[in-house]
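Geometric and topological summary
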Amino acid sequence: MKFDQSKTLQQKSHMLIPGGAHTYAKGDDQYPELAPGFIARGKGCHVWDVDGNEFIEYGMGLRSVTLGHAYEPVVRAAAQAMQLGINFTRPTPLETEAAEKFLGLIDQMDMVKFSKNGSDANDAAIRLARAYTGRDYVAVCADHPFFSVSDWFIGTTVMNAGIPQAIQDLILRFHYNDLPELQRLFDEHPNQIACVIMEVETATPPQPGYLQAVREMCTKYGALLIFDEIITGFRWHNKGAQYLHQVVPDLCTFGKAMGNGYSIAALAGKREFMERGGLNHAQERVFLLSYTFGAESHSLAAALAVMEVYAQEDVVGHLQRQGARLIQGITEVVEAHGMQDYFGLIGKPCNLVFYTLGQHRNRSQEFRTLFLQEIIK
């Protein structure tokens with residue numbers, strides 16, 4: 001393979017765009033030097049770079065595409081909506097239709113507000129929880145990698161330059177499956193924690209009873225429980241990972257796969273909380289979510305088409321079956337090469353992540369880079 005066009009574009013992009021890409025996860029520092037720099041098109045699970053090289057795209061648009069690139073029913077629905085105009089000064093009927101369809105599919109929540117990405121939805125959930133409880137502190141699961149691009153979360157990361165210390169000080173961190181640690185936070189900050197935000201599950205499954213105990217703890221101490229289902233939604237179960245684990249949060253957020261690559265996300269929740277962002281109450285109103293492009297018709301139409309496919313076909317089951325095949329095949333290769341102590345897979349079959357270990361069984365970025373380089377070949 002040659003990457004001549006990619007290399008030329010990379011030089012230009014770094015002169016024009018900080019980091020060379022508009023999404024950090026797509027940046028050059030995330031991939032080996034011998035890797036495609038720019039993807040030109042995709043169909044199904046295959047993509048072609050600007051040099052004409054063809055690949056199977058395992059990441060599928062940062063896990064936002066579960067039906068395949070350029071999936072015809074979704075493209076057709078979006079195109080039809082675009083023919084009628086994509087943005088107006090008043091809502092379109094698609095907003096109500098998509099809300100009804102989403103709440104009917106998830107069915108544990110009462111109201112929903114759409115936005116463009118998961119960061120927006122999580123930001124709104126945090127603001128709503130603080131307004132409802134009158135508290136400032138937010139408890140964030142430290143084991144879950146990303147919740148938002150906003151200060152309240154980025155202040156907890158190593159890239160916290162430019163974020164006031166006062167904002168960082170309002171964020172408390174706890175670890176997944178560690179109930180005593182979360183209990184300690186509630187003990188040390190009585191009547192001060194507005195909410196607990198966490199993913200339902202990532203590569204590490206919840207210990208028996210853990211999620212239920214977190215739910216009970218939040219109820220006991222008057223904090224709202226927020227489940228980030230940006231990844232698990234439309235991947236773990238049609239109704240979300242919360243349904244799979246039988247734990248109902250106060251608020252939850254969805255995104256990524258719900259639009260099959262189109263920009264749409266959702267904040268959903270119980271009526272008593274969500275209504276604070278509406279008109280039918282006497283409390284101080286919460287500025288929940290409001291964007292000029294927050295309800296573009298083609299994104300809503302795409303989401304409706306995605307939800308229709310999920311209702312008619314066993315998408316999640318297909319993801320699970322394909323993941324199981326991948327586990328079996330990779331396990332056979334790893335064992336054949338005696339690499340069990342250095343390479344493996346974690347997570348559910350529908351959302352697998354590989355890990356690489358070095359000579360001393362520690363995580364190895366060097367091995368990861370080498371593996372990526374060779375598998376790209």
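Refer to the structure presented above.
The notes below deal with the structure included here.

Reading guide: rules and limits
- Residues numbered from 1 in each chain as written.
- Predicted model: local features only at pLDDT ≥ 70, side-chain atom pairs only at ≥ 80, totals over all residues.
- Heavy atoms only, no water.
- Buried < 20%, exposed > 50% of the residue type's maximum accessible area, 1.4 Å probe, protein only.
- Helix = DSSP H or I, 4+ residues; strand = E, 2+ residues; numbered from the N terminus.
- Arc of directions from axis to C-beta.
- Core = buried A, V, L, I, M, F, W, Y, C linked by side-chain atoms within 4.5 Å.
- Contact = heavy atoms within 4.5 Å.
- Pairing = 2+ DSSP bridges.
- Right-handed = clockwise from strand over helix to strand, strands pointing away.
- Axes fitted to C-alpha atoms, helices over the stretch in contact; angles between N-to-C directions.

**A short note on helix α8 (residues 179-188)**
Among the residues of α8, those classed as buried are Glu 181, Leu 182, Leu 185 and Phe 186. The arc that holds the buried residues of α8, viewed along the axis, is 145 degrees, so those residues lie on one side.

**Topic: the nonpolar core**
If you look at the biggest cluster of nonpolar residues, it comprises 62 residues, and the most contacted ones within it are Phe 102, Phe 114, Phe 174, Leu 182, Val 196, Met 198 and Phe 234. Ranked by residue count, the leading element in this core is helix α12 (residues 297-312), at ten residues. Excluding anything up to four places from it in sequence, Val 196 contacts Ala 139, Phe 174, Leu 182, Phe 186, Val 214, Cys 218, Leu 224, Leu 225 and Ile 226. Counting 25 residues, the second-largest nonpolar core is a separate cluster that includes Ala 121, Val 138, Cys 195 and Leu 251.

**What to know about the environment of Glu 366**
Here Glu 366 is to be found in helix α14 (residues 365-376). The spacing of Glu 366 and His 22 is 344 residues in sequence and 25 Å in space, taken between C-alpha atoms.

**Re the pairing of strand β7 (residues 193-199)**
For β7, the tally of buried residues reaches seven of seven residues, placing the bulk of the element in the interior. Of the strand pairs in this sheet, strand β5 (residues 137-141) and β7 are connected by four bridges, and their pairing is parallel. By the bridge assignment for β7, Val 138 is matched with Cys 195. One crossover worth recording links β7 to the parallel strand β8 (residues 224-229) by way of helix α9 (residues 210-221), and it is right-handed.

**A few points about the sheet that holds strand β10 (residues 265-269)**
Read across the open sheet, the seven strands follow the order β4-β10-β9-β8-β7-β5-β6; overall the sheet is mixed. For this open sheet the edge positions go to β4 (111-115) and β6 (171-174), each flanked by a neighbour on one side alone. With strand direction ignored, the average angle separating the axes of adjacent strands in the sheet is 20 degrees. In this sheet, strand β9 (residues 251-254) lies alongside β8 in parallel orientation, the contact comprising four bridges. Residue pairing for β9: Glu 229 is matched across the bridge by Phe 254. Here α8 sits on the sheet and contacts β5, β6 and β7; the angle it forms with β6, its principal contact strand, is near 155 degrees.

**Comments concerning the sheet that holds strand β3 (residues 54-56)**
Spatially, β1-β2-β3 is the arrangement adopted by the three strands of the open sheet, whose pairing is antiparallel. Only two strands of the sheet have a single partner each, and these edge strands are β1 (39-43) and β3. Direction aside, the axes of adjacent strands within the sheet are offset by 30 degrees on average. Across three bridges, strand β2 (residues 46-49) lies against β3 in antiparallel orientation. Across the sheet, the residue bridging to Val 47 is Phe 55, located in β3.

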